[in-house]
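Reading the structure
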Amino acid sequence: MKSLYKLLAIFGISWAVLIHSFLFFQDVRDQHYRIVKNMAEVSQDLFVKAHATNGIFTVPENYGAAYATRTQQLLASEYQRSVIFSAATWISSAFILVLSVCVLKRCKLNHESN
């Protein structure tokens, strides 16, 4: 049973250490936040005129302003979500790490007392 606890503790420590690297490289590969940020910047640049036009159709000012506002709200919510997600992973990793170290210490103390 002690070997199972040790194995789970080692897995917990590995998880707590490696999950942040995995999430960082996943975010770099995905670039979702950068895409939303670029969309918000383009919408701000595109819809600053009273009537945005590309020569084929014209976008009324209120629609352009609504779209620009919505993309800014989307960007803000995306940033807030990323901050909350990051905090949650750091807190859970710290908790897992502490529990894993405690399990390893307890297994070591029990082994020495036998």
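Cut-offs applied
- Residues numbered from 1 in each chain as written.
- Predicted model: local features only at pLDDT ≥ 70, side-chain atom pairs only at ≥ 80, totals over all residues.
- Heavy atoms only, no water.
- Helix = DSSP H or I, 4+ residues; strand = E, 2+ residues; numbered from the N terminus.
- Buried < 20%, exposed > 50% of the residue type's maximum accessible area, 1.4 Å probe, protein only.
- Areas by Shrake-Rupley, 256 points an atom, 1.4 Å probe, with all protein chains shown as cover.
- Contact = heavy atoms within 4.5 Å.
- 1 Å grid on protein atoms, 1.4 Å probe; cavity = no way out; pocket = protein on both sides within 12 Å on 5 of 7 lines; lining within 4 Å.
- Points joined across faces, edges and corners; volume = space filled by probe spheres on them.
- Nonpolar A, V, L, I, M, F, W, Y, C, P; charged D, E, K, R; others polar.

1. A few points about the overall build of the chain
Secondary structure assignment for the chain yields 3 helices and 2 strands. For the chain, the sequential pattern of α-helices and β-strands runs α-α-β-β-α. Per-residue burial for the chain yields a buried fraction of 18% across its 114 residues. Split by element, the accessible area of the chain, about 9,000 Å² in all, is 67% carbon and sulfur.

2. A closer look at the environment of Ser93
With respect to the helices and strands, Ser93 occurs in helix H3 (residues 61–113). For Ser93, a relative accessible area of 4% corresponds to the buried category. When the C-alpha positions of Ser93 and Trp15 are compared, they lie 7.6 Å apart, and in sequence the two are 78 residues distant. In this structure, Ser93 is in contact with Ala16, Ile19 and His20, ignoring residues within four places of it in sequence.

3. A short note on the layout of surface pockets
Looking at the largest pocket, its volume works out to about 460 Å³. If you trace the largest pocket, you find 15 residues lining it, with Leu23, Phe24, Asp27, Ser82 and Phe85 closest to the centre. Put simply, the parts of the chain that give the lining of the largest pocket at least two residues each are helix H1 (2–30), helix H2 (32–46) and H3. If one sorts the elements of the lining of the largest pocket by residue count, H3 sits on top with 7 residues. Here the residues of the lining of the largest pocket sort into 5 nonpolar, 6 polar and 4 charged.

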